[in-house]
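Given next are the chains, with one letter for each unit.
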Amino acid sequence: MRREIFSNWPYIFWFAFYFTIFWLILGGTGQAFMWVSIIYISSILFALSPMAESLWRGVSKVRPIRTESERNRLMPLFEDVYRQAIENDPRLSRNITLYIQENMEINAFAFGRGTLALTKGSIELLSDESLKGLIAHEFGHFSHFDTMVSLIAYVGNVFMSLILKFIRGIANILLFIVRGKDSIYTLVFKVLYYIIEGIYRFIMFIGDLILMSVSREHEYMADNFAHKCGFGDELADVLSQIHQFSTSSPESVIEQLRSTHPPLTRRIERLEKANKLI
């Protein structure tokens, strides 16, 4: 297995962490381990099923290519990039399908085992060559298993997340009930509550920073995949256009640390350097 695959280790660690907490909450016994395993395996199998991916497409409001003009323009571009992507990574799935999201932003995204979506804005505003660069980048996410591993981690942890929210809700209700009471039991409860809440928030914060860092690294890897497929210049052109028309102000350090994507200028710089080495 290649280095890119191992870049997903924090998602696996986060999955294992939630699994362990879920197991301990249920008692930490062998029987509890069996039930947690059944719940997680079932949720993962569902997450990777065609039905779940179809539901997620509905949530994301993406649709298949319908019109003849869309088909005539987009499919040759998609198939050309697909051929180059498979040549670069023969393990790539042959069941990736192109979809459209009715959104006027310049963007594209991929999820699950075979959903690659372009926004309407990308289709309307970008040239054919630029679209190839954008598509090649998304194939990079499939190549590195980003779409599947992140999906497994997030969906697999849904039940545990709901349980933690339920427990916090009950604790908040109890905290409200004992508010204003001065007994020793009330004081102990409050101290324990704020300690556990503080530890929980700290772990979530650190975990979020780690996962966002991995997400940014995956963007660089997907950019590099597009470059290896021969579409580095085209992708750099897309990123330059997005940066040119961006109206957002510079992000603070915390916002950058919690961002899923690296700064556009850094991505453009890397691609330009890589393209000059060809």
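Position numbers for residues count from 1 along each chain, tracking the sequence in the order it is written. In keeping with the model being predicted, local features are shown solely for residues with a pLDDT of at least 70 and side-chain atom pairs are shown and tallied solely at 80 or more, while totals for entire chains, interfaces and linings include all residues. Values reported for side chains reflect all heavy atoms of the structure, with hydrogen atoms and water molecules removed beforehand.

### Let's talk about unusual backbone geometry
With phi around 60°, Lys61 is a residue other than glycine that occupies positive phi space. Labels follow the DSSP assignment, with helices taken as runs of H or I lasting at least four residues and strands as runs of E lasting at least two, numbered in each case from the N terminus. Its location among the elements puts Lys61 in the loop between α4 (50-60) and β1 (62-64). By relative accessible area, which is 67% here, Lys61 ends up exposed. One non-glycine residue with positive phi stands out, namely Phe145, at about 65°. Mapping Phe145 onto the fold places it in the loop between α7 (128-143) and α8 (146-156). Accessible area is worked out with a 1.4 Å probe on protein chains only. A residue is then buried under 20% of its type maximum, exposed over 50%, and partly exposed in between. Note on Phe145: relative accessible area 29%, which makes it partly exposed.

### Some details on a nonpolar patch on the surface
Taken together, the side chains of Ile25, Leu26, Phe166, Ile167, Ile170, Ile173, Leu174, Phe176 and Ile177 define a hydrophobic patch exposed on the protein surface, amounting to about 850 Å² of accessible area. It is helix α9 (residues 158-178) that contributes the most residues to the nonpolar patch, seven residues altogether. Residue position: Phe166 is located in helix α9. Nonpolar side chains (Val, Leu, Ile, Met, Phe, Trp, Tyr) within 5 Å and like charges within 9 Å form the patches, drawn only from residues with over 30% relative accessible area and no salt bridge. Using a 1.4 Å probe, accessible areas were evaluated by the Shrake-Rupley method; residue-level cover was limited to the displayed protein chains. By convention in these notes, a salt bridge is any Lys or Arg side-chain nitrogen within 4 Å of a carboxyl oxygen on Asp or Glu.

### A word on the nonpolar core
Side chains that are nonpolar tend, in soluble globular proteins, to be buried together. Leu74, Phe78, Leu92, Ile96, Leu116, Leu118 and Phe139 are the most contacted members of the largest nonpolar core, which has 35 residues in total. Contributing elements (two or more residues each) for this core: α5 (68-88), β2 (97-101), β3 (108-111), β4 (115-119), α7, α10 (184-228), α11 (232-244) and α13 (264-276). Here the element with the most residues in this core is α5; it accounts for seven residues. We call two residues in contact whenever any of their non-hydrogen atoms come within 4.5 Å of each other. Those residues in contact with Leu92, other than ones at most four positions away along the chain, are Tyr82, Ala85, Ile86, Phe139, Phe142 and Ser143. In this structure, Val149, Ala153, Leu164 and Leu211 belong to the second largest nonpolar core, which totals 20 residues. As used here, the term nonpolar core means buried Ala, Val, Leu, Ile, Met, Phe, Trp, Tyr and Cys residues forming a set that is joined through side-chain atoms within 4.5 Å.

### A word on α9
The terminal C-alpha atoms of α9, which comprises 21 residues, lie 30 Å apart, in line with the 30 Å expected from a rise of 1.5 Å per residue. Within the sequence span of α9, burial applies to Met160, Leu164, Ala171, Leu175 and Val178. For α9, the arc enclosing every buried residue in end-on projection is 70°, short of the 170-degree limit, so these residues lie on one face. Across from the buried face of α9, at angles greater than 90 degrees, the exposed residues are Leu162, Lys165, Phe166 and Phe176. Contacts made by the buried residues of α9 are with α2 (9-25), α3 (30-47) and α10. Helices are assigned an expected span. That span is 1.5 Å times one less than the residue count. Working note: the arc is built from the helix axis to C-beta atom directions.

### Quick notes on the sheet that holds β1
Read from one edge of the open sheet, four strands run β1-β2-β4-β3, paired in mixed fashion. With one partner strand each, in any of the chains shown, β1 and β3 form the two edges of the open sheet. Each strand of the sheet is rotated relative to its neighbour by a mean of 35°, with strand direction disregarded. With four bridges joining them, β3 and β4 adopt antiparallel strand pairing. Bridging from a neighbouring strand, Ala108 pairs with Leu118 of β4. Two strands are said to pair when DSSP picks up at least two bridges between them. Fitted lines through C-alpha atoms give the axes, limited to the stretch in contact for helices. The angle between two N-to-C directions lies from 0 to 180 degrees.

### Brief notes about the pattern of salt bridges
All told, the structure shown has twelve salt bridges when counted by the stated rule. The closest approach of N and O atoms between Lys132 and Asp80, which form a salt bridge, is 2.8 Å. Within this pair, whereas Lys132 is found in helix α7, its partner Asp80 is found in helix α5, the two being separated by 52 residues in sequence. The residues Lys132 and Asp80 share a single accessibility class, namely buried. Here Asp223 ties to Arg267 by a salt bridge, and the two come within 2.8 Å at their closest N and O atoms. Here Arg267 lies in helix α13 and Asp223 lies in helix α10, a separation of 44 residues in the sequence. Residue Asp223 shares its accessibility class with Arg267, and that shared class is buried.

### A closer look at the packing of α5 against α7
How two helices sit against one another is set out by the angle between their axes and by the gap between those axes. At a minimum axis distance of 9 Å, the contact between α5 and α7 shows a crossing angle of 45°. For the element pair α5 / α7, the angle class is oblique. Of the two possible hands of crossing, α5 and α7 adopt the one that is right-handed. Contact residues: α5 offers Arg73, Leu74, Leu77, Phe78, Asp80, Val81, Tyr82 and Ala85, while α7 offers Asp128, Leu131, Lys132, Ile135, Ala136 and Phe139. In these notes the angle categories are as follows: under 35 degrees is roughly parallel, over 145 is roughly antiparallel, 65 to 115 is roughly perpendicular, and the rest is oblique. Crossing handedness follows the turn of the near helix against the far one: under a right angle anticlockwise gives a left-handed crossing, and clockwise gives a right-handed one.

### Side note on the environment of Val155
Within the fold, Val155 resides in helix α8. Residue classification places Val155 among the partly exposed residues on the basis of a relative accessible area of 23%. Sequence-distant contacts of Val155, that is, excluding residues within four places in its chain, are made with Ser43 and Ala47.

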